Amino acid sequence: MTKLTDTQRVILSAASQRTDRLALPLPKSLKGGAAHKVVNALVEKGLLREVRANRKLNDPVWRQSDEGQAFTLIVTDAGLEAIGIEIPTSKPKKSKKSKPTKSTEAAAAEPKERKAREGTKQALVIEMLRRPEGATIAEIVEATQWASHTTRGFFAGALKKKLGLAIDSEKDELRGRVYRLG
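Residues numbered from 1 in each chain as written. Predicted model: local features only at pLDDT ≥ 70, side-chain atom pairs only at ≥ 80, totals over all residues. Heavy atoms only, no water.

**Remarks on the overall build of the protein chain**
Regarding its fold elements, the protein chain presents seven helices and five strands. Taking all 182 residues of the protein chain together, the buried fraction comes to 36%. Considering only contacts within the protein chain whose residues lie at least 6 apart along the sequence, 57% involve residues at least 24 apart. As displayed, the protein chain offers around 11,800 Å² of accessible surface, 49% of which is attributable to carbon and sulfur atoms. (Helix = DSSP H or I, 4+ residues; strand = E, 2+ residues; numbered from the N terminus. Buried < 20%, exposed > 50% of the residue type's maximum accessible area, 1.4 Å probe, protein only. Contact = heavy atoms within 4.5 Å. Areas by Shrake-Rupley, 256 points an atom, 1.4 Å probe, with all protein chains shown as cover.)

**Notes on the nonpolar core**
Ranked by size, the top nonpolar core spans 20 residues in total, and within it Leu4, Ile11, Leu12, Leu26, Leu42, Leu48 and Leu73 carry the most contacts. Contributing elements (two or more residues each) for this core: helix H1 (6-16), helix H2 (32-44), strand E3 (70-75) and helix H3 (77-82). Examining the composition of this core, we find that four residues originate from one element, H2, more than from any other. Once you skip the residues sitting within four places of it in the chain, leucine 4 turns out to touch Arg9, Leu12, Leu42, Leu47, Ala82 and Ile83. (Core = buried A, V, L, I, M, F, W, Y, C linked by side-chain atoms within 4.5 Å.)

**Points about the confidence of the model for the protein chain**
Averaged over all residues, the pLDDT of the protein chain equals 82, while 83% of them reach at least 70. When pLDDT is averaged over each element of the protein chain, helix H6 (residues 137-144) comes out on top at 94 and helix H4 (residues 102-109) at the bottom at 48. Note on residues 102-112: pLDDT under 50 across the span, and 16 contacts to partners over four residues away in sequence or across chains. (pLDDT = per-residue confidence, 0-100.)

**Some points on the pattern of salt bridges**
Inspection of the entire model under this criterion finds seven salt bridges. Residues aspartate 77 and arginine 21 are paired through a salt bridge, measuring 2.6 Å at the closest nitrogen-oxygen approach. Of this pair, aspartate 77 sits in helix H3 while arginine 21 is found in the loop between H1 and H2, placing the two residues 56 residues apart along the sequence. Residue class for arginine 21 comes out buried when judged on its relative accessible area of 6%. In this structure, arginine 131 engages glutamate 133 in a salt bridge whose closest nitrogen and oxygen atoms are separated by 3.4 Å. Residue arginine 131 is classed as partly exposed on the basis of its relative accessible area, which comes to 29%. (Salt bridge = Lys/Arg side-chain N within 4 Å of Asp/Glu carboxyl O.)

**Things to note about helix H7 (residues 148-162)**
Here H7 contains 15 residues, and its C-alpha end-to-end distance of 20 Å stays within 8% of the 21 Å for a straight helix at 1.5 Å per residue. The complete set of buried residues in H7 reads Thr151, Phe154, Phe155, Ala158 and Leu159. Its buried side turned inward, H7 meets helix H5 (121-130), H6, strand E4 (167-172) and strand E5 (176-181). (Expected span 1.5 Å × (residues − 1).)

**Let's talk about the sheet that holds strand E2 (residues 63-64)**
Taken together, the three strands give an open sheet; going across it, the order is E1-E3-E2, and neighbouring strands pair in antiparallel fashion. Each having just a single partner strand, strand E1 (48-52) and E2 make up the two edges of the open sheet. Two elements, E2 and E3, share two bridges in a ladder whose sense is antiparallel. Directly across from glutamine 64, in E3, lies its bridge partner alanine 70. (Pairing = 2+ DSSP bridges.)

**Considering the packing of aromatic side chains**
Overall, the coordinates contain two aromatic pairs when judged by the stated rule. Centroid distance tryptophan 146 to phenylalanine 154: 5.0 Å. Interplanar angle 50 degrees. Geometry classified as tilted. On the accessibility criterion, phenylalanine 154 (12% relative accessible area) is buried. Lying across the ring of phenylalanine 71, arginine 63 places its NZ or CZ 4.6 Å from the centre. (Phe/Tyr/Trp six-rings, centres within 6.5 Å; stacked < 30°, edge-to-face > 60°. Lys NZ or Arg CZ within 6 Å of the ring centre and 35° of its normal.)

Written out as structure tokens, the structure is:
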């Protein structure tokens, strides 16, 4: 079975819901080099395929060749199988009506719930914040060997934005500011 990241799974899932099987637009949170890295990995695994974009049908464009030829991305049968979808007996045909719907765009823009891997610094910090006594920045810095500003950035980026966790804090007379998952 092909191992996929959450982002790769979101891209394939959104494409599977379209009648034309186009894998664009990509999630709004995926930009630049990260987008190319994710898409290239899917193409190398044979889960996505680059095909010529049909400009008459307003196909979204993934990239343009040096000669100006536009390419789009389409999910392959292997891509559908990788996310547990049965392959249709006949391939869908493109039509002028096959423009992205708001629900398709919303599905592509909303990443699935992320989970922390075990044994990582992220998992360690989450575990520390789930304790009844919580954790201070100094305690997390000592456990992870991160700088204090890195720890604060981790709270805002990974925990709040990516994982959607709420972090509460309160001032403790002995320990200073203590953080807990809300």
